[in-house]
Amino acid sequence: MKTILVVDDDKEIANLVSIYMQNEGFQILQAYSGEQALIALEENAVSLIILDVMMPGIDGMEVCRKVRENRTIPILMLSAKTQDMDKVLGLMSGADDYMIKPFNPLELAARVKSLLRRSFQYNAVPHTDAEHVLKIHAIEINKTNHKVTADGKDVPLTNREFEILHLLAVHPGRVFSAEEIFQLIWQENYYFSNNTVMVHISNLRDKLEKELGYKLIQTVWGVGYKIEK
């Protein structure tokens, strides 16, 4: 049984989210502050985090950044903040998905299952054959263990970042629009104002460029993104 960590300083909301997730068959841990959340992660095997943004002390953004220092665990942010920039900041801090309160329980469950399914697919290691390692420039992408190295150095990526990099690397030279990337990776309908892909591409570029010293992912203005051979 997969364990979900629900983090919210409002205990009523934490309990509500927990009930929904328990009804879906998940085991639940609760934390009511960022500090408690980080302790819970050290003491328990957690499959996914549902994380509130606005909390006293260590807020959700900072929790997300700390988690991303050494973990690729899926993170779904829940927030009452509705502005696009709030969503951008959440995704830039390392979240895989972002939902606005009040939320639809069915949609929450669907997004959680989608994140867990993709996390399982990329972390399962059925084989160790060399054919599962994709090499492009100084980058090695191992699909079986969800590991990326640049010039031999590990590059910690979120599940979404890994999926985007793998998609572009498998099709070198091909330009993918933001809409195509969103529909292929998130498997949801794309909306014109959706800047989720842009944020993930920006984070991915920063991590790769830090090790490579140049931009691997190129922007074709007005069209989309690509990686050249």
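Below is a summary of the structure that appears in this document. (Residues numbered from 1 in each chain as written. Predicted model: local features only at pLDDT ≥ 70, side-chain atom pairs only at ≥ 80, totals over all residues. Heavy atoms only, no water.)

### Observations regarding the overall build of the chain
Working step 1: A tally of regular secondary structure across the chain gives eight helices and 11 strands.
Working step 2: Its C-alpha radius of gyration of 18 Å places the chain within 12% of the 17 Å reference for a compact globule of 229 residues.
Working step 3: Reported as C-alpha extents along the three principal axes, the dimensions of the chain are approximately 50 × 40 × 30 Å.
Working step 4: For the chain, with 229 residues in total, the buried portion stands at 48%.
Working step 5: In the form shown here, the chain has an accessible surface area of approximately 11,400 Å², with 51% of it arising from carbon and sulfur atoms. (Helix = DSSP H or I, 4+ residues; strand = E, 2+ residues; numbered from the N terminus. Rg over C-alpha atoms; globule rule 2.2 N^0.38 Å. Buried < 20%, exposed > 50% of the residue type's maximum accessible area, 1.4 Å probe, protein only. Areas by Shrake-Rupley, 256 points an atom, 1.4 Å probe, with all protein chains shown as cover.)

### Observations regarding the sheet that holds strand 1 (residues 3–7)
Working step 1: Reading across from one edge, 2-1-3-4-5 is the order of the five strands in this open sheet, with parallel pairing throughout. Only two strands of the sheet have a single partner each, and these edge strands are strand 2 (27–31) and strand 5 (97–100). Going across the sheet, the axis of each strand differs from the next one's by a mean of 20°, ignoring polarity. (Pairing = 2+ DSSP bridges. Axes fitted to C-alpha atoms, helices over the stretch in contact; angles between N-to-C directions.)

### A few points about the environment of Ala31
Working step 1: Relative to the helices and strands, Ala31 resides in strand 2.
Working step 2: The class of Ala31 is buried, set by a relative accessible area of 0%.
Working step 3: Expressed as a C-alpha distance, the spacing of Ala31 and Arg111, which sit 80 residues apart in the sequence, is 21 Å.
Working step 4: With residues near it in sequence (within four places) discarded, Ala31 still touches Leu5, Val6, Val7, Asp8, Gln36 and Ala37. (Contact = heavy atoms within 4.5 Å.)

### Considering empty space enclosed by the protein
Working step 1: Inspection of every chain in the model, using the stated rule, returns one cavity of 30 Å³ or more.
Working step 2: In this structure, the largest cavity spans a volume of roughly 30 Å³.
Working step 3: Around the largest cavity, the lining residues are Val6, Val7, Asp8, Ile13, Ala14, Val17, Ile50, Leu51, Asp52 and Leu78.
Working step 4: Those elements that place two or more of their residues in the lining of the largest cavity are strand 1, helix 1 (11–23) and strand 3 (48–52).
Working step 5: Of the residues belonging to the lining of the largest cavity, the class tally is eight nonpolar, no polar and two charged. (1 Å grid on protein atoms, 1.4 Å probe; cavity = no way out; pocket = protein on both sides within 12 Å on 5 of 7 lines; lining within 4 Å. Points joined across faces, edges and corners; volume = space filled by probe spheres on them. Nonpolar A, V, L, I, M, F, W, Y, C, P; charged D, E, K, R; others polar.)

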